[in-house]
Protein chains: 4
Amino acid sequence: MNFASDNIVGASAPVLQAIVQANAGAMAAYGNDAVSQRVRERFNEIFEREISVFFATTGTAANALALSSAVPPYGLCICHREAHVIDDECGAPEFFMHGAKLAGLPGVGAKLRAEDVAAYLTSLPKAPKQMPPKALSISQVSEGGLVYGLNELAALGQVCREHGLSFHMDGARFANALVALGCTPAEMTWKQGIDILSFGATKNGGLMAEAIVVFKPELAEALDYRSKRAGQIISKGRLVAAQFEGYFAEDHWLANARHANRMAKLLSEGLMQVPGVRFAWPTEANEVFPIIPQALDQALKAAGILYHPWTELSLPEAERVGETEVLIRLVASWATREEDVRKLLEIASSGVSRQAAE
Amino acid sequence: MNFASDNIVGASAPVLQAIVQANAGAMAAYGNDAVSQRVRERFNEIFEREISVFFATTGTAANALALSSAVPPYGLCICHREAHVIDDECGAPEFFMHGAKLAGLPGVGAKLRAEDVAAYLTSLPKAPKQMPPKALSISQVSEGGLVYGLNELAALGQVCREHGLSFHMDGARFANALVALGCTPAEMTWKQGIDILSFGATKNGGLMAEAIVVFKPELAEALDYRSKRAGQIISKGRLVAAQFEGYFAEDHWLANARHANRMAKLLSEGLMQVPGVRFAWPTEANEVFPIIPQALDQALKAAGILYHPWTELSLPEAERVGETEVLIRLVASWATREEDVRKLLEIASSGVSRQAAE
Amino acid sequence: MNFASDNIVGASAPVLQAIVQANAGAMAAYGNDAVSQRVRERFNEIFEREISVFFATTGTAANALALSSAVPPYGLCICHREAHVIDDECGAPEFFMHGAKLAGLPGVGAKLRAEDVAAYLTSLPKAPKQMPPKALSISQVSEGGLVYGLNELAALGQVCREHGLSFHMDGARFANALVALGCTPAEMTWKQGIDILSFGATKNGGLMAEAIVVFKPELAEALDYRSKRAGQIISKGRLVAAQFEGYFAEDHWLANARHANRMAKLLSEGLMQVPGVRFAWPTEANEVFPIIPQALDQALKAAGILYHPWTELSLPEAERVGETEVLIRLVASWATREEDVRKLLEIASSGVSRQAAE
Amino acid sequence: MNFASDNIVGASAPVLQAIVQANAGAMAAYGNDAVSQRVRERFNEIFEREISVFFATTGTAANALALSSAVPPYGLCICHREAHVIDDECGAPEFFMHGAKLAGLPGVGAKLRAEDVAAYLTSLPKAPKQMPPKALSISQVSEGGLVYGLNELAALGQVCREHGLSFHMDGARFANALVALGCTPAEMTWKQGIDILSFGATKNGGLMAEAIVVFKPELAEALDYRSKRAGQIISKGRLVAAQFEGYFAEDHWLANARHANRMAKLLSEGLMQVPGVRFAWPTEANEVFPIIPQALDQALKAAGILYHPWTELSLPEAERVGETEVLIRLVASWATREEDVRKLLEIASSGVSRQAAE
């Protein structure tokens, strides 16, 4: 039973099928093929307007390329201090942005509040010694599994406009956030001021399918050069494009995300019943962040359940993890089986009972 | 009939089959899966020693990463002035090497001669104003379709050792060169002094399968960081690894390359019979570079045959392309059908005949 | 009366005199002149061993170049979160290090404690997603005006050795720290494990005189190339070298630093007598950080005294600045006149008296 | 007798005097002082319009910063293949431009012809694999000592406008070109389409005085950040500014340049009389490029005259240097004494006579 991540399984059946199907025949190389063309138009439909789409092979590359189009080498990019871009990409954004700096701000559950961003921006000295802020990057779903509401996005978008920042969304779990909010892709992005989006499909059914979606046209101007120069334009472009074709067909992507979120909710509700378990913050998408007794942690591990411990850096001051507790992360995906969730919950309940009995 | 490139078709059947097969089940992410591990060991066998292997998603990324491990930001990398790294990658090497410089030297058929490299190195001023040379990069097969002989490789390797350079081979068409020489992978690489290799499989049956193979251990030290930072470590690493598994199985890769080279030879021998056709240089692997009458060029195009014109920059002075001639490149691949070759040759013969009759 | 900084006056007389004297006659360009040669040898004497010296035109360039020799583009450099390199150089280190990252740690008075650095290093994940730590940079004197004791330096040096880090000292106020400790340059640097030093003279009598002093030989290997490439090798090298000659002659530099520190001590002791004034931390070199009543702040400003407010970021939790207080920085230099210090103290005393009378 | 370069002597008397004079008193740091302000206004007058001026410490830094404002990291900058920026700066432009590429074109005497630049631009593929051209950089005076006429500048400016390129002039010997043409600074720059200029004074009387002069306002937008980040904003800004004040006063700079050019002309006319001496190209500013018999070369060296041999790369095909000839460069400066020129000419004459007598 693997709750460690949503990138541990291969592609879902429709996505794999699409790869196989697109494999046949000669096609123009470097993304000039018919499949890529069709998918680009599909993106336009999904986002209800003309947009620019650039395929990428990893979420890291998508994020770093997106930021490099928004932030000059001498610029500052604001993000949460636990954001994937600042913590988990070995400095890819700094590499692609040519030494621009990421400034990490605090916030519960790895979410940024508009007022905190505004206050930080206002506090920056206006002098050449200070790198000028050029972009804000948020993760939707956040690294803490939280979902920005439309109002929150709009407020951050407003701050960006007031301070002349481009607004980037890391959508590695875009679909999970989307179905959580029950809104349209347009509503969750450009309608709230998002200028550029890393649109991830790999975690939600793809095998390797990422895209940069650009709403502010000037950010798209050089992305083909930047992408080529980053070794991100694969010669047989159909490989990535086909996955998106399978992903979008018959709302497969939304179904996958709904399943993942539902599994997380089951986990969450079940664990809530277990004595001694509390939550770092609410479960809003496909990730659950319970604070559990050490004994339970040991019981789960003993049962062969895989998951990661988590940092308490974004926990509210008042809710620090105690000496006999552990903060963990459980991730559900499109491939998570309900029976595995139930089994985990059983083990959790009995683990605590056993402990109580001792 | 498409002779434009060897990257216009999808994966060969065994490679596609391997992708499908590896898709099932949960596996560790980021290349820590069993398939990736097996393939790394397979590389050891193929190269007859312990080596380090890093997977990449494009040849451009493989080249740029390889060079970035060998050349510091203030260093110079020598290559042919028509090399892929200097001409066709939108500056990816300069990006990955952080502004290091590529110096392009001349040479017939895009091949470098050891004596020319040595003379250039000797001519460089020894002063801080001069970026110090740190690597030599060659393409095997060359951009002109030529194959370096083992003696030629050894001579270049010797120059590298004498001047303290790392020796990089861009092996986008590694298999084609290998079967042309009839030697082992070890003989064509580290036994002649190659320190680091871009090992391409995409053009010869892969869908997206590239690897960096490192023979000089210190060049491997930071490649995992560099690769992550370049957005080149895909989360579902099995995708690339599985392709290599299919590629290597039952010498499928060698069979593919032999077929491609044979098709090129057929093309070459057939065109040699056509009046007015001469060759820029010999056909040694899977690419043919004939200089043809303009009328024939038109006839081939009229028949719907796809191919690219080529630059005469690396042609010997005495053999310039005449006013009524065109230098073209025809590429054969594992997927080229013999009947298409024969059809092309027929059209070529009759095209010239028609012309003669007019 | 200007207590805003130690870079607001020109060169001291001996330094200016040295510039004028070295101006005459033809000399080899780019630092190959006799003056530069003499000064390099003088540095050897001062540091009691063979070292490599590279001149620079700004402290920012010296720091950034020094760090670029110690930290590869994918590496991490640890410093205090208020360090000059992270806060006041518009990202110069990130530029020169090609996107390497600065990680800022907390510490009272902008000083780092060895145990905090060690704990941070131990906490870092060992995985390609985590940029590997490669250097520690400290400022001696710290941004908070504090001086690392020899034991503290040795402890940090020990942490560096244990974790394979290079150890950099930003010595913009090197002389002020040196006379504060009453030790030799060797004792304050390489004998405690410092590998590379930014040696500043501009604030202490120079007009524009900075040097990078390298103790670990491999860090010097490429610094001539890096320096040229950064536009830091001035053609008439005598300009900078001559300043150092004047600076070192007859221990002029130490006399200057002693004067500056004494003026700061006078300021500190005087302010200590003023009711309502307390100190953020002790005065150890040439900078004073008092927390003063707002009324006093206004009185000083009204009297035309120039200085900067300071951040309370590195203040101990228990000593936060109150609502009616201001934390300020007063800087003394070699050019500060004792009468100005006395005048400031008088104003401070009377300002508070007046306030009390009201 | 030193004809090796124009950077081997110190500052001229008025420039040194200005440094000494500006040394006294407290002034705002980082270029916010009164001297810097006055000099910026003086630049406006000299160029007959509002311009932006940024001081730099070396010509290399000025060039690299100027180009970095005009060329994005994925862009191409065209220059002569012997230009200082491509050949003598250890890759500073590539560093500051973050890996953008310099493309070096041929041209007699290191001058570019508008038609060659246009032809090159037209030949570039329009595809993401091709870095898009973004700037043209020329040197006025050229590396071969030639001066672009106003018509030639205008023609190049026209090519730049047509292809959307920024137009950069490396004016390390700006004054020498200016007095050679007998035109105004405005006529030699923005009136012919120059967008950004490296204005050098160091070779013509300065000690270390360089400036970037920006005519196209958008190129100035981020130069303060870029400059700070490159460690180019010295804290005691008066040092550079004062030199410019001395340099411009009473047309000192023009007098210096006229003297240097006159000395070069004397040299040139004298050598023309020496049997066996011919010229690579005409003497137009302060540098002379004679092709002399080897025997004469030995005689000059034996007499202790210092100068550099030169490359024949930019010599017209028909005028290759013979086996018994040497191409050399003689540089005159504001400090060259007429008697030294006469002495050299005497030695040259007698050297040849002696040779003839043998």
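Residues numbered from 1 in each chain as written. Chains lettered and ligands numbered in written order. Predicted model: local features only at pLDDT ≥ 70, side-chain atom pairs only at ≥ 80, totals over all residues. Heavy atoms only, no water.

- As recorded in an unreviewed UniProt entry, chain A goes by L-threonine aldolase and comes from Microvirga lupini.
- UniProt lists a comment for chain A under the heading Subunit (unreviewed entry), and it reads "Homotetramer." (UniProt positions renumbered as here; feature names shortened; annotations may be inferred.)

### What about the relation of the copies chain D and chain A?
For step 1, the next point in the chain: Once chain D is rotated about the relating axis by 180 degrees and shifted along it by 0.0 Å, it coincides with chain A to within an RMSD of 0.0 Å. With respect to symmetry, the two chain copies, as superposed, fit the operation of a two-fold axis. No C-alpha of chain D approaches the rotation axis more nearly than that of His98 of chain D, which lies at 3.2 Å.
For step 2, the next point in the chain: Here 100% of the interface residues in chain D have copies in chain A that are interface residues too; the copies meet face to matching face. (Least-squares fit on C-alpha atoms with pLDDT ≥ 70 in both. Contact = heavy atoms within 4.5 Å.)

### Describing the sheet that holds strand S3 (residues 101-105) of chain B
Residues and elements named next belong to chain B.
For step 1, the next point in the chain: Spatially, S1-S7-S6-S5-S4-S2-S3 is the arrangement adopted by the seven strands of the open sheet, whose pairing is mixed. Each having just a single partner strand, strand S1 (52-56) and S3 make up the two edges of the open sheet. Across the sheet, the mean angle from the axis of one strand to that of its neighbour is 20 degrees, orientation sign disregarded.
For step 2, the next point in the chain: Two strands pair when backbone bridges link them, and strand S2 (residues 76-80) and S3 are joined in this way by five bridges, in the parallel orientation. Across the sheet, His80 pairs through a bridge with Leu105, a residue of S3. (Pairing = 2+ DSSP bridges. Helix = DSSP H or I, 4+ residues; strand = E, 2+ residues; numbered from the N terminus. Axes fitted to C-alpha atoms, helices over the stretch in contact; angles between N-to-C directions.)

### Some thoughts on the sheet that holds strand S5 (residues 166-171) of chain A
Residue and element names in this part refer to chain A.
For step 1, the next point in the chain: Pairing within the open sheet is mixed, and its seven strands lie in the order S1-S7-S6-S5-S4-S2-S3. A single partner strand is all that each edge strand has here, and the edge strands are strand S1 (52-56) and strand S3 (101-105). Direction aside, the axes of adjacent strands within the sheet are offset by 20 degrees on average.

### What about the packing of aromatic side chains?
All names here are of chain B.
For step 1, the next point in the chain: Following the criterion strictly, the structure yields 90 aromatic pairs over all chains and no others.
For step 2, the next point in the chain: Judged by centre distance (6.1 Å) and plane angle (75 degrees), the rings of Phe47 and Phe199 are edge-to-face. Highlighted residues: Phe47 in helix H2 (residues 34-47) and Phe199 in strand S6 (residues 196-200), separated in sequence by 152 residues.
For step 3, the next point in the chain: What makes Phe47 buried here is its relative accessible area of 0%. (Phe/Tyr/Trp six-rings, centres within 6.5 Å; stacked < 30°, edge-to-face > 60°. Buried < 20%, exposed > 50% of the residue type's maximum accessible area, 1.4 Å probe, protein only.)

### A look at the interface of chain B and chain A
For step 1, the next point in the chain: Each partner contributes residues to the interface: chain B has 43 residues there, and chain A has 42 residues.
For step 2, the next point in the chain: Counting the surface lost from both chain B and chain A, the interface buries some 3800 Å², and carbon and sulfur atoms represent 62% of this.
For step 3, the next point in the chain: Among the residues chain B hides against chain A, the three largest losses belong to Phe95, Arg229 and Lys236 of chain B. Together they make up 21% of the total.
For step 4, the next point in the chain: Applying the counting rule to chain B against chain A returns zero salt bridges.
For step 5, the next point in the chain: Applying the counting rule to chain B against chain A returns 20 residue pairs in polar contact (both at pLDDT 80 or more). (Buried area = accessible area lost by both parts, 1.4 Å probe. Salt bridge = Lys/Arg side-chain N within 4 Å of Asp/Glu carboxyl O. Polar contact = N/O pair within 3.5 Å; in protein donor to acceptor, adjacent residues only side chain to side chain.)

### With respect to the environment of Ala155 of chain D
Residue and element names in this part refer to chain D.
For step 1, the next point in the chain: By the secondary structure assignment, Ala155 is in helix H7 (residues 150-163).
For step 2, the next point in the chain: Residue class for Ala155 comes out partly exposed when judged on its relative accessible area of 31%.
For step 3, the next point in the chain: Sequence-wise, Ala155 and Ala64 are 91 residues apart; in three dimensions their C-alpha atoms are separated by 24 Å.

### A short note on the interface of chain D and chain A
For step 1, the next point in the chain: Contacts between the two partners involve 17 residues from chain D, matched on the other side by 17 residues from chain A.
For step 2, the next point in the chain: When the buried area of chain D at its contact with chain A is split by residue, Tyr74, Pro128 and Tyr225 of chain D rank highest and sum to 41% of it.
For step 3, the next point in the chain: Taken together, the residues of the side of chain D that touches chain A sort by class into nine nonpolar, three polar and five charged. (Nonpolar A, V, L, I, M, F, W, Y, C, P; charged D, E, K, R; others polar.)

### A few points about the domain arrangement of chain A
One widely used convention gives an interface's size as the accessible area the parts lose upon coming together.
Residue and element names in this part refer to chain A.
For step 1, the next point in the chain: According to the domain assignment, chain A contains domain 1 (13-252) and domain 2 (257-352).
For step 2, the next point in the chain: Counting from both sides, the interface comprises 22 residues of domain 1 and, opposite them, 18 residues of domain 2.
For step 3, the next point in the chain: Both sides together, the interface formed by domain 1 and domain 2 hides about 1700 Å², and carbon and sulfur atoms give 51% of it.
For step 4, the next point in the chain: Across the salt bridge formed by Arg173 and Glu287, the nearest N and O atoms sit 3.4 Å from each other. (Domains from an automatic or database assignment.)

### Some words on helix H11 (residues 238-248) of chain A
Residue and element names in this part refer to chain A.
For step 1, the next point in the chain: With ten of eleven residues buried, H11 lies mostly within the body of the structure.
For step 2, the next point in the chain: Within H11, the full set of buried residues consists of Arg238, Leu239, Val240, Ala241, Ala242, Gln243, Phe244, Gly246, Tyr247 and Phe248.
For step 3, the next point in the chain: Glu250 occupies a position one or two residues after H11 and carries a positive phi of about 55 degrees.

### Focus on the pairing of S6 of chain B
Residue and element names in this part refer to chain B.
For step 1, the next point in the chain: Burial analysis of S6 places five of its five residues in the buried class, the great majority of the element.
For step 2, the next point in the chain: Alternating positions in S6 separate into two faces, Ile196, Ser198 and Gly200 on one and Leu197 and Phe199 on the other, with burial throughout.
For step 3, the next point in the chain: With four bridges joining them, strand S5 (residues 166-171) and S6 adopt parallel strand pairing. In the sheet register, His168 faces S6, and the bridge partner there is Ile196.

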